[in-house]
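Tertiary structure, described
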Amino acid sequence: MHIAFVSMETAHHVDRRGLERAQRTARTLADRGHDVTFLCSQWWGGDAVPTFEHEGIEYRRVTAEPAAGAFAAKLPAALWRAGADVIHAVHGPPRHVAVAEKVGTLLRTPVLVDWFGDGPTDPGSEPRAASGADLVTTPSELVRTRVREHGADDGAVRIVPESIDVELIREAPTDDRFDVVYARRLDENANVSTLLLALAERRRQDWSAAIVGDGPEREAIEAAARDLRIDDRITFTGSLAERERVSIYKGAHVFAQTASAEVFATELLRALACGCLGVVEYQADSSAHELVEGVDRGRRVTSPEELADVISEAGAVPRREYDDSFEQFDHDAVLGTYLNCYESLRGGGLL
């Protein structure tokens, strides 16, 4: 099957999770023997090089630089030349998505829009982008609800979760230095204060904690830990490679998910697959609670006091380093869901 991805920017241009998801999906499709063309602005070198093959993906230049107007104007011709079986448009500038949808209709090529929920928004264009696709995929029910509110038909929106490397989790060594772990970019939505207050409530108990990640709020979070007089028991690791994070999760007992905004809690998913007790503080703008619904090692709390209680009670829960019930989130398994979507669209119907 030939799939044409459409996104003015790629993960080579911008550090954005929705773009990382698109690149991973494209790469995994190529690894499985599918033809993958990625229509984007140029990120590789060479003024006279309109195409570039990387990791089995053929990147084709639509514009030399990320320029929204020029990209939208040149996209129809680029899609016509690609001649793909399916168009996979990455939600970003809604105008580009709408153009891809219109061109797909003219070419009789089905269009799937992957709406991760972290791309640029335009209130005036979002309804057209949401309603014009043959199928919209979202990472969570939270984002699915938002897309439906923009006007997408309920039956035309399907959840395709983020994926994880299950083989890496099985094979990674165990780092058992920490009892409690928090992992995320430390930005304005990190909300680490809930965890710090919970740990301070149990300062007389024996525990050690790791806060994994970096970002603009790290200094303020470290200062808060000092003010609470628990900084000597918390290790700020900074950013770590995936294998290092997984090793820490395998050795930890509790993973705390307290961020105030999260379209998909990928680190929580990895931690659950590593056998952690996943504790989620419910937040209206976070989908994290969806991952622990009906999960025996999942807990939901609404306050630092409740989180402190769960940390204390975790001692009665046997430690585990792997949970095979999360193999459904492996990269290959999730790719199979995308392939089912493509085949359904090519057959003229939705799943």
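Residues numbered from 1 in each chain as written. Predicted model: local features only at pLDDT ≥ 70, side-chain atom pairs only at ≥ 80, totals over all residues. Heavy atoms only, no water.

Any aromatic ring pair is given by two values, namely how distant the centres are and how the planes are angled relative to each other. Taken as a whole and assessed by the stated rule, the structure comprises 10 aromatic pairs. Centre to centre, the rings of Phe38 and Tyr59 are 5.4 Å apart; their planes meet at 25°, and the pair counts as stacked. Remark: Tyr59 occurs in strand β4 (residues 57-63) and Phe38 occurs in strand β2 (residues 35-41); sequence separation between them is 21 residues. With respect to burial, Phe38 and Tyr59 carry one shared label: buried. When the ring of Trp43 is compared with that of Phe52, the centres are 5.4 Å apart and the planes differ by 90°; the resulting orientation is edge-to-face. Judged by its relative accessible area of 23%, Trp43 is partly exposed. The structure contains a cluster of three or more aromatic residues connected by ring pairs, namely Phe5, Phe38, Trp43, Trp44, Phe52 and Tyr59. It is Arg233 that lies over the ring of Trp207; its NZ or CZ is 4.2 Å from the centre. (Phe/Tyr/Trp six-rings, centres within 6.5 Å; stacked < 30°, edge-to-face > 60°. Helix = DSSP H or I, 4+ residues; strand = E, 2+ residues; numbered from the N terminus. Buried < 20%, exposed > 50% of the residue type's maximum accessible area, 1.4 Å probe, protein only. Lys NZ or Arg CZ within 6 Å of the ring centre and 35° of its normal.)

If the charged atoms of two oppositely charged side chains come close together, the side chains can form a pair. This structure, assessed with the given rule, holds 27 salt bridges. A salt bridge links Glu327 to Arg170, with the shortest nitrogen-to-oxygen separation between them at 3.8 Å. With Glu327 in the loop between α12 (304-313) and α13 (331-346) and Arg170 in helix α6 (residues 166-171), this pair connects stretches of sequence that are 157 residues apart. Looking at Glu327, the relative accessible area reads 36%, which means it is partly exposed. Between Glu267 and Arg270 there is a salt bridge, with the nearest N and O atoms lying 2.5 Å from each other. Remark: Arg270 and Glu267 occur in helix α10 (residues 266-273); sequence separation between them is three residues, near one turn of the helix. Take Glu267 and Arg270: they sit in the same class, and that class is buried. Salt bridges linked by common partners bring Arg17, Arg184, Asp187 and Glu262 together as one network. (Salt bridge = Lys/Arg side-chain N within 4 Å of Asp/Glu carboxyl O.)

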